[in-house]
Amino acid sequence: MQVGLALSGGAARGIAHLGVLKAFEQLSIKVCMISGVSSGAIAGIFYAAGYSPEEILKLIKELKVTNIARPAFRRMGLMHLDEVEKLYNKYLGEEATFEQLNLPVTVCATEMNEGVIVYYSSGKLVRPLLASSAVPILYKPVEHEGKLLVDGGLLNNMPVEPLLGNCDFKIGVHVNPINHQATITSIRGVMERTAHLAINNNVQLRMPLCDLLLEPPELKYYRLTSFAKADEIFEIGYRYTLQMAPHLRDVIRAIEKGE
């Protein structure tokens, strides 16, 4: 049984992916392939590189936002990703490649000039990983192999497509449930809500491609920037997945029997 995971973007909410991966290990559900974007790509790459979910959580908690969010004063972005790149180089290796990972991972990004989705699953991985979470305007686009790349979530915030034809069972993990009772009271809130609603549309199109969708409802109460609540978000992903254990096992058993 080849189980593949499609991990959505979601900034701080993406920490829930680590809780999901921890629960999968506890349930003895072996993941054979991961496709991710933005925070989902980060979780997938570090997990496939051999870091445990708890170790990745520790790295995230030790990050200083002031170091990774310094102004860039550049033509195409307000901030740069230089410190993030140094972090990736330190823990993954400057010459790290997709082929060196413990399981296949595909990273999704958006090519700005052509306006298309691009996927990376071979060759050097640090630059595509940087690009996958380079939010347009906020961060300068990443130049890689002649392409101008930004956050893949702009066009595909839950990249299930790379799993099609490569896995027997496709699980989508979406960490951006919409809070329909939200009250917007600031310009910042309007901006976040606008981005959330717009990106959610491209996720809705991909949900039917999954054999199972995991979407922890409690995450709707957390902001994209709630990194200070990393432990809570991790636990939400973990507890929710354990609660889904009976359904996970039933569906996988049915697939194995060919039902």
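Chains are numbered independently. Their residues run from 1 in the order of the written sequence. Reporting in this predicted model follows two pLDDT cut-offs: at least 70 for local features of residues, and 80 or more for side-chain atom pairs to be given and counted; totals over whole chains, interfaces and linings ignore these cut-offs and use all residues. As a convention, hydrogens and water are excluded, and side-chain values are obtained from all of the structure's heavy atoms.

Engineer: Looking at this structure, how should I read the nonpolar core?
Structural biologist: Across soluble globular proteins, nonpolar side chains have a tendency to be buried as a group. Membership of the largest hydrophobic core comes to 63 residues, with the highest contact counts inside it found for Leu-5, Phe-24, Ile-45, Ile-171 and Leu-214. Put simply, DSSP H or I for four residues or longer makes a helix, DSSP E for two residues or longer makes a strand, and each gets a number counted from the N terminus. Here this core gets six residues from one element, more than from any other, and that element is helix H2 (residues 39-48). The definition of a nonpolar core used throughout is a set of buried Ala, Val, Leu, Ile, Met, Phe, Trp, Tyr and Cys residues joined through side-chain atoms within 4.5 Å. Only protein chains enter the calculation, and the probe is 1.4 Å; a residue is then buried if its accessible area is under 20% of its type maximum, exposed if over 50%, and partly exposed in between. Met-33, Leu-163, Cys-167 and Val-203 belong to the second-largest nonpolar core, a separate cluster that totals nine residues.

Engineer: Just checking my understanding: could you explain the packing of helix H3 (residues 53-62) against helix H8 (residues 230-243) for this structure?
Structural biologist: Packed helices, taken two at a time, are described by their axes: the angle between them and the distance between them. Lines fitted to the C-alpha atoms define the axes, with helices restricted to the stretch that makes contact. Angles between their N-to-C directions range from 0 to 180 degrees. For the pair H3 and H8, interaxial distance at closest approach is 10 Å and the crossing angle is 155 degrees. Classified by the interaxial angle, the pair formed by H3 and H8 is roughly antiparallel. Crossing of H3 against H8: the hand is right-handed. Packed against H3, whose contacting residues are Pro-53, Leu-57 and Lys-61, the element H8 presents Ala-230, Asp-231 and Phe-234 at the interface. In what follows, roughly perpendicular refers to angles from 65 to 115 degrees, roughly parallel to angles under 35, roughly antiparallel to angles over 145, and oblique to any angle outside these ranges. If you view the pair so one helix is near and one far, a crossing is left-handed when the near helix is turned anticlockwise from the far one by less than a right angle, and right-handed when it is turned clockwise. Every residue pair with non-hydrogen atoms within 4.5 Å of one another is taken to be in contact.

Engineer: What am I meant to see in the pattern of salt bridges here?
Structural biologist: A pair can form between side chains of opposite charge whenever their charged atoms are brought close. Each salt bridge in this description consists of a side-chain nitrogen of Lys or Arg and a carboxyl oxygen of Asp or Glu lying within 4 Å of one another. Enumeration according to the criterion identifies nine salt bridges in this entry. Between Glu-83 and Lys-86 there is a salt bridge whose closest N-O contact spans 3.3 Å. With Glu-83 and Lys-86 both in helix H5 (residues 82-92) and three residues apart, this pair spans about one turn of that helix. Taking the relative accessible area as the measure of exposure, Lys-86 reaches 51% and is therefore exposed. Glu-95 serves as the salt-bridge partner of Lys-124, at 2.7 Å between the closest nitrogen and oxygen. You can see Lys-124 sitting in the loop between strand S6 (116-120) and helix H6 (126-132) and its partner Glu-95 sitting in the loop between H5 and strand S5 (105-111), a full 29 residues away along the chain.

Engineer: Just to check I follow, could you spell out H5 for this structure?
Structural biologist: Side chains that are three or four residues apart share a direction in an α-helix, a result of its 3.6 residues per turn. Val-84, Tyr-88 and Leu-92 are the residues of H5 that are buried. The buried residues of H5 all sit within an arc of 45 degrees when viewed along its axis, so they share a single face. Structural note: H5 exposes Lys-86 and Lys-90 on the side pointing more than 90 degrees away from its buried face. Looking one or two residues past H5, Gly-93 carries a phi angle of roughly 105 degrees, positive in sign. Arc, as used here, means the arc of the directions from the helix axis to the C-beta atoms.

Engineer: Would you mind showing me how to read a nonpolar patch on the surface here?
Structural biologist: A cluster of nonpolar residues, Met-112, Leu-154 and Leu-155, forms a patch on the protein surface that exposes about 230 Å² of accessible area. Relative to the elements of secondary structure, Met-112 occurs in the loop between S5 and S6. The patches reported here contain residues having more than 30% relative accessible area and no salt bridge. Joining distances are 9 Å for like charges and 5 Å for nonpolar side chains (Val, Leu, Ile, Met, Phe, Trp, Tyr). To measure how exposed things are, a 1.4 Å probe is used in the Shrake-Rupley method; for residues, cover is taken only from the protein chains shown.

Engineer: Sorry, what's going on with the environment of Ala-230 here?
Structural biologist: One can find Ala-230 in helix H8. Along the primary structure Ala-230 and Ile-42 are separated by 188 residues, whereas in three dimensions their C-alpha atoms are 15 Å apart. Those residues in contact with Ala-230, other than ones at most four positions away along the chain, are Ile-15, Leu-57 and Lys-61.

Engineer: I tried to follow the pairing of S6 on my own but got confused; where do I start?
Structural biologist: Each regular strand carries side chains that alternate between the two faces of the sheet. The pairing criterion for strands is at least two bridges between them, as found by DSSP. Bridge analysis of S5 against S6 gives five bridges, and the strand direction is antiparallel. Residue pairing for S6: Cys-108 is matched across the bridge by Tyr-119. Between S5 and the antiparallel strand that follows it, S6, lie four residues; Gly-115 among them carries a positive phi value of about 70 degrees.

Engineer: When you look at helix H7 (residues 187-204) in this model, what are you seeing that I'm missing?
Structural biologist: Expected helix span is given by 1.5 Å per residue-to-residue step, counting one fewer step than there are residues. Between its terminal C-alpha atoms H7 stretches 26 Å, which fits the 26 Å expected from 18 residues at 1.5 Å a residue. Listed as buried for H7 are Gly-189, Glu-192, His-196, Asn-200, Asn-202 and Val-203. Viewed end-on, H7 has its buried residues packed into an arc of 155 degrees, placing them on one side of the element. H7 presents Ile-187, Met-191 and Asn-201 as exposed residues on the side facing more than 90 degrees away from its buried surface.

Engineer: Sorry, what's going on with the pairing of strand S2 (residues 31-37) here?
Structural biologist: Across the seven residues of S2, seven count as buried, placing the element largely inside the fold. With five bridges connecting them, strand S1 (residues 3-7) and S2 associate as parallel partners. In the sheet register, Gly-4 faces S2, and the bridge partner there is Met-33. Here a crossover is taken to be right-handed if, once the strands point away from the viewer, the path from the first strand over the helix to the second is traced clockwise. What joins S1 to S2 is helix H1 (residues 16-26), and the crossover it makes is right-handed. Examined bridge by bridge, S2 and S5 share four bridges and lie parallel to one another. Opposite Gly-36, over in S5, you have Val-107 as the bridge partner.

Engineer: Could you clarify how one ought to interpret the packing of aromatic side chains in this entry?
Structural biologist: By convention here, two paired aromatic rings are described through the distance between centres and the angle between planes. Aromatic contacts are taken between Phe, Tyr and Trp rings whose centres are within 6.5 Å, Trp giving its six-membered ring; a plane angle under 30 degrees counts as stacked, one over 60 as edge-to-face, and the others as tilted. For the structure shown, the criterion picks out three aromatic pairs. Taken together, the ring pairs in this structure connect Phe-46, Tyr-51, Tyr-88 and Tyr-91 into an aromatic cluster. Lysine NZ or arginine CZ positioned within 6 Å of the ring centre and within 35 degrees of the ring normal marks a charge as sitting over the ring. The ring centre of Tyr-238 lies 4.5 Å from the NZ or CZ of Lys-22, which sits over that ring.

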